[in-house]
Amino acid sequence: MHRLKWFAASLVTMALVVTVIGLVIQPYSRLERRAAVLIDQLAPPGTTVGAIDIGFPLTVEMTSLVVPFEIDGEQREISVEKLTGNLSLTQLVRGKFGASMTSDLFGGSVWLHIQTNSLRRGKTLDNPRLTIETRARDLDVAALCDFFEAPTMASGRCDADVEAQLNGTTLMSLQGKALVIGKNIEVPPIKVEGLMLPENHDGRLTATLVAKDESVLIKDLRFAGTAYDFSGNGAIRLLKPLEESALDCLVSAIFKEPFFIADERFSGRAAEDIVDTLVASQSTVFFKLRGTLGKPKMRLDPAASLQSLTQHRNR
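Named according to an unreviewed UniProt entry, the chain is Type II secretion system protein GspN originating from Candidatus Abyssobacteria bacterium SURF_17.

**Student:** Looking at this model, I keep getting lost on the pattern of salt bridges. Mind explaining?
**Tutor:** Note on pairing: side chains with opposite charge can pair once their charged atoms come close. Taken as a whole and judged by the stated rule, the model has eight salt bridges. The partner of Arg-157 in a salt bridge is Asp-140, with the nearest N and O atoms 3.8 Å apart. Remark: Asp-140 occurs in strand β6 (residues 129–140) and Arg-157 occurs in strand β7 (residues 155–167); sequence separation between them is 17 residues. Residue class for Arg-157 comes out partly exposed when judged on its relative accessible area of 23%. For Arg-290, the salt bridge is made with Asp-248, and the minimal N-O distance between the two is 2.9 Å. On the criterion of sequence distance, the pair formed by Arg-290 in strand β16 (residues 284–291) and Asp-248 in strand β14 (residues 246–255) is long-range, its members being 42 residues apart. Here Arg-290 falls in the partly exposed class, since its relative accessible area comes to 39%.

**Student:** What should I look at first to understand the side chain of Ser-215 in this one?
**Tutor:** Within the fold, Ser-215 resides in strand β12 (residues 215–224). Apart from residues lying up to four places away in sequence, Ser-215 is in contact with Val-210, Ile-236, Arg-237 and Leu-238.

**Student:** Would you take a moment to explain the packing of aromatic side chains for this structure?
**Tutor:** Each aromatic ring pair is summarised here by two numbers: the centre-to-centre distance and the angle between the ring planes. Under the counting rule described, the total for this entry stands at six aromatic pairs. On the basis of an interplanar angle of 85 degrees and a centroid distance of 4.9 Å, the ring pair of Tyr-228 and Phe-230 is categorised as edge-to-face. Of the residues examined, Phe-230 reaches a relative accessible area of 12% and is grouped as buried. For the ring pair Phe-230 and Phe-287, a centre distance of 6.3 Å and an interplane angle of 40 degrees mean the geometry is tilted. Here Phe-230, found in strand β13 (residues 228–237), pairs with Phe-287, found in strand β16; they are 57 residues apart in sequence, far enough to count as distant.

**Student:** Before we go on, may I ask you to explain the nonpolar core in this structure?
**Tutor:** Within soluble globular proteins, side chains that are nonpolar generally end up buried alongside one another. Tyr-228, Phe-230, Phe-255 and Phe-287 are the most contacted members of the largest nonpolar core, which totals 47 residues. With residues near it in sequence (within four places) discarded, Tyr-228 still touches Val-187, Ile-190, Leu-197, Pro-198, Asn-200, Phe-223, Ile-254, Phe-255 and Lys-256.

**Student:** Help me understand unusual backbone geometry, please; the structure alone is not making it clear to me.
**Tutor:** Only a minority of non-glycine residues have a phi that is not negative, and only a minority of peptide bonds are not trans. Its identity is not glycine, yet Asp-213 carries a phi of approximately 50 degrees, on the positive side. Note on placement: Asp-213 falls in the loop between β11 (200–212) and β12. Phi at Gln-282 is positive, roughly 55 degrees, even though this residue is not glycine. Its place among the elements puts Gln-282 in the loop between α4 (268–281) and β16.

Rules behind the numbers
Residues numbered from 1 in each chain as written. Predicted model: local features only at pLDDT ≥ 70, side-chain atom pairs only at ≥ 80, totals over all residues. Heavy atoms only, no water. Salt bridge = Lys/Arg side-chain N within 4 Å of Asp/Glu carboxyl O. Helix = DSSP H or I, 4+ residues; strand = E, 2+ residues; numbered from the N terminus. Buried < 20%, exposed > 50% of the residue type's maximum accessible area, 1.4 Å probe, protein only. Contact = heavy atoms within 4.5 Å. Phe/Tyr/Trp six-rings, centres within 6.5 Å; stacked < 30°, edge-to-face > 60°. Core = buried A, V, L, I, M, F, W, Y, C linked by side-chain atoms within 4.5 Å.

This is how it looks when you write it as structure tokens:
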């Protein structure tokens, strides 16, 4: 009789353990399936993830994440080996989805917090709202230039803080702001219409970007380097495809080192005198940046530049 009671108690204990395990595993399985559905709804078309693992206490790990992008008509991919982090319990209680995750990317580290609007059981998000906070640290500028096929291959390291909202899945609905800081920036010689700018070493870059009304405003752009200092403001009007987005920026420069004038209207000693005067007087030279993201065009604004030079000469 004693053995029978012991056996019955063991069966009850095992049943309780199995029940608890089932209660623990089943919600996580549902969350993993829901996360996969959300990625399919919110990420760019063609995004794939190898595995999603959600465990106790609400930890999440995504592996082999591949996000496609189209740049200059060509399909490119960002590959992330592993994203790890935590789900937000308070957001889940409110019927929302929130996650904070970290990963290595472009030679640096990225912290990412994502939150969606209320989830409706068994239904898709017809007009999803995505809130994003990102802290990127020590990104490799050369790797970024290579990925986005930038016209100038700079090098150095970059930090960025981004807060944004995306209503729906189109980039045109992006609203938010970003602070970008670059350090130890190396820029090779740049050919501008009529000019060849000198090589620049150990530059520091700061800029604020504000996205609204299908445009990205560039505010308080500052670049301080060994060969020149740049500052400016402007706007990028977002279009599809992204490389056709229109640029409209005004940039000013103060040169610390001589540059080369390639304009046929100026040659020989006259051009050298102009350059020497600009460098010695620290006069401000103005440029207009127009064209598109895919084919930017930077042109000298002679009227504003000559006015600056005249003001310095009259002092």
